[in-house]
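# Descriptive structure summary
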Amino acid sequence: MSSIRPWRDIARRQSRQIMVGRVPVGGDAPITVQTMTNTLTSDAVATIDQIRRCEDAGADLIRVSCPDVESTAALRGIVKAARVPLIADIHFHYKRALEAADAGAACLRINPGNIGSGERVAEVVRAAKANGCAIRIGVNAGSLEKDLLEKYGEPCPEALVESALDHIKLLQDHDFHEYKVAVKASDVFLAVAAYMQLAEAVDCPLHLGITEAGGLIGGTVKSSIGMGNLLWAGIGDTIRVSLSAEPEEEVRVGFEILKSLGLRTRGVRVVSCPSCARQGFDVIRTVQALESRLGHIKTPLSLSVLGCVVNGPGEARETDIGITGGGNGKHMVYLSGVTDHHVQSADMLDHIVALVEAKAAEIEAGMSDAGHAEAAE
């Protein structure tokens, strides 16, 4: 059957599916959104508090650093407190990987070639298998192996992919296949080219990221261009938006990227105008207030906020709830694309929030009823 809107279709690359804890990654599973804590993992209270904020923002997976024995000692309690699977970030010391696996980490982020001898790699694989851990191979343009830099002269797509394949072979030699791979770079062109090549070379899930992307605005732009390019091409099974910002912001940006491509739906999708002299209310401040007050809504629905009647009615026809600015502080409200009633400026914010909350409850109730009916059949 052909799609109604074929220009919106994205054919995802078919990868093997692995499990990171109870979360499926790859195959036909939803693309997962990951972030990373920036607290000292040894400070369990601060780390759990940050994890909770990321969970509330919608994070599917959360990575925590495990650079020392104090961190892996605290990890067991953190894992028990977390509502989503945790990934232990291991760089060089293989014993931290063993401790993290025993502490309940759902995944180990390592580069097998960086942790020492073949026997040490074998020990890590045995611990991963024994504890049901996945492994994420994390190749980074900023930390490529010296022999590859000498061979290629600089970080390039071929060097990143060769590094990834070398690390993959170390795991496959030990009959371990529950892995996903990242080939990250801060250069958008380099990262995209490396992921494109890797996608052709392997069948495992791919973890996307533009590393060290920058602050909230600049990093969001770079990540959107780089990961958006790959996701549009059907490449990517997990995304992590690397920002110099709070980790919950990474989660929000990640979902916005996926929502813009129709790959995930979570929360309110706001369609709003940039505002101009025609506006009947302060669009910028209104949207800011609505985004803040509707952050708790997880149910997918759409809201259009347009300052005047030029594009307002057309956008409102395509959204669940719409507001279009009118004269004399009197604005038109649309429900399910149809004009419904007016609201005054003074009441507008509270009124729109109430409508969105009611619509979300209605959708949730419908989904629950459908689930009960399906279970009864």
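In what follows, the structure referred to is the one given above.
Residues numbered from 1 in each chain as written. Predicted model: local features only at pLDDT ≥ 70, side-chain atom pairs only at ≥ 80, totals over all residues. Heavy atoms only, no water.

When helices and strands are tallied, the protein shows twelve helices and 15 strands. By principal-axis analysis of the C-alpha atoms, the protein measures approximately 75 × 45 × 45 Å. Taking all 377 residues of the protein together, 49% fall into the buried category. Across the protein, the fraction of contacts at a sequence separation of at least 24, relative to all contacts at a separation of at least 6, is 63%. Only carbon and sulfur atoms are counted for the fraction: they give 53% of the accessible area of the protein, which is about 17500 Å². For the protein, the distance from the average site of its 38 positive side-chain charges to the average site of its 48 negative ones is 1 Å. (Helix = DSSP H or I, 4+ residues; strand = E, 2+ residues; numbered from the N terminus. Buried < 20%, exposed > 50% of the residue type's maximum accessible area, 1.4 Å probe, protein only. Contact = heavy atoms within 4.5 Å. Areas by Shrake-Rupley, 256 points an atom, 1.4 Å probe, with all protein chains shown as cover. Lys, Arg positive; Asp, Glu negative; His and termini not counted. Charge placed at Lys NZ, Arg CZ, Asp CG, Glu CD.)

Moving on to helix α3 (residues 94-103). Where burial is concerned, most of α3 is hidden: seven out of the ten residues are buried. Here α3 has its buried residues at Tyr 94, Arg 96, Ala 97, Leu 98, Ala 100, Ala 101 and Ala 103. Those residues of α3 hidden inside the fold are in contact with α2 (69-81), β5 (86-89), β6 (107-110) and α4 (118-131).

Right, let's talk about the sheet that holds strand β14 (residues 330-335) for a bit. Two strands in a sheet stick together by hydrogen bonds in their backbones, pointing the same way (parallel) or opposite ways (antiparallel). Read from one edge to the other, the open sheet built from five strands follows the order β11-β12-β13-β14-β15, with strand pairing classed as mixed. Each end of this open sheet is capped by a strand with a single partner; those strands are β11 (268-272) and β15 (338-344). Adjacent strand axes in the sheet meet at a mean angle of 20° when their direction is disregarded. The sheet contact formed by β11 and strand β12 (residues 301-306) spans five bridges and is parallel. In the strand pairing of β12, Arg 269 is matched with Ser 302. Along the sheet face, helix α10 (residues 283-293) touches β11 and β12 and points at about 160° away from the line of β12. (Pairing = 2+ DSSP bridges. Axes fitted to C-alpha atoms, helices over the stretch in contact; angles between N-to-C directions.)

Mapped onto the fold, Thr 238 is located in strand β10 (residues 238-240). Side-chain polar atoms of Thr 238 contact the side chain of Thr 32, separated by 2.6 Å. Residues within four places of Thr 238 in sequence aside, it is in contact with Val 25, Ile 31, Thr 32, Gln 34, Leu 61, Lys 180, Leu 206, His 207 and Leu 208. (Polar contact = N/O pair within 3.5 Å; in protein donor to acceptor, adjacent residues only side chain to side chain.)

One finds Leu 75, Leu 108, Ile 135, Val 181, Leu 206 and Leu 231 to be the most contacted residues of the largest nonpolar core, which totals 79 residues. Apart from the residues within four sequence positions on either side, Val 181 is in contact with Ile 137, Ala 164, Ile 168, Leu 198, Cys 204, Pro 205, Leu 206 and His 207. Judged by nonpolar contacts, the second largest core, of 20 residues, contains Leu 290, Leu 294, Leu 303 and Val 343. (Core = buried A, V, L, I, M, F, W, Y, C linked by side-chain atoms within 4.5 Å.)

This part is about helix α6 (residues 157-172). Look at α6: 22 Å from first C-alpha to last across 16 residues, which is about the 22 Å you get at 1.5 Å a residue. Within α6, the full set of buried residues consists of Pro 157, Ala 159, Leu 160, Val 161, Ser 163, Ala 164, His 167, Ile 168 and Leu 171. (Expected span 1.5 Å × (residues − 1).)

Under the definition given, this model contains 21 salt bridges. One salt bridge connects Arg 126 with Glu 119, and the closest N-O pair in it is separated by 2.7 Å. We classify Arg 126 as partly exposed; its relative accessible area is 47%. Put simply, Arg 52, Glu 55, Asp 56 and Arg 83 are held in one network by salt bridges that share partners. (Salt bridge = Lys/Arg side-chain N within 4 Å of Asp/Glu carboxyl O.)

This part is about the sheet that holds β5. With parallel pairing, the eight strands of this open sheet are ordered in space as β8-β7-β6-β5-β4-β3-β10-β9. Looking at the sheet topology across the chains shown, the edges are occupied by β8 (179-184) and β9 (207-208). In this structure, strand β3 (residues 32-36) lies alongside β10, joined through three bridges in parallel fashion. Note on β10: the bridge partner recorded for Gln 34 is Arg 240.

Turning next to a nonpolar patch on the surface. The grouping of Leu 216, Ile 217, Val 221 and Ile 225 at the surface amounts to a nonpolar patch, some 390 Å² of accessible area in total. Within the secondary structure, Ile 225 sits in helix α8 (residues 216-232). (Patch = residues over 30% accessible without salt bridge, like charges linked within 9 Å, V, L, I, M, F, W, Y side chains within 5 Å.)

Among the secondary structure elements, Val 271 is positioned in strand β11. With residues near it in sequence (within four places) discarded, Val 271 still touches Leu 303, Ser 304, Val 305, Leu 306, Glu 315 and Thr 319.

Moving on, we come to unusual backbone geometry. In this model, Asn 328 sits at a positive phi of 55°, which is unusual for a non-glycine residue. With respect to the helices, strands and loops of the structure, Asn 328 is situated in the loop between β13 (321-324) and β14. Overall, Asn 328 belongs to the exposed group, its relative accessible area being 82%.

Turning our eyes to something else, we now look at the packing of helix α1 (residues 44-57) against α2. One can describe the packing of α1 onto α2 by two numbers: an axis separation of 10 Å at closest approach and a directional angle of 30°. Taken together, α1 and α2 sit at an angle that is classed as roughly parallel. Like other packed secondary-structure pairs, α1 and α2 cross with a definite hand, here right-handed. Contacts between α1 and α2 involve Ala 44, Thr 47, Ile 48, Ile 51 and Arg 52 from the first element and Ala 74, Gly 77, Ile 78 and Ala 81 from the second. Grouping the constituent residues of the contact of α1 with α2 by class yields six nonpolar, two polar and one charged. (Parallel < 35°, antiparallel > 145°, perpendicular 65-115°, else oblique. Left-handed = near helix turned anticlockwise from the far one by under 90°. Nonpolar A, V, L, I, M, F, W, Y, C, P; charged D, E, K, R; others polar.)

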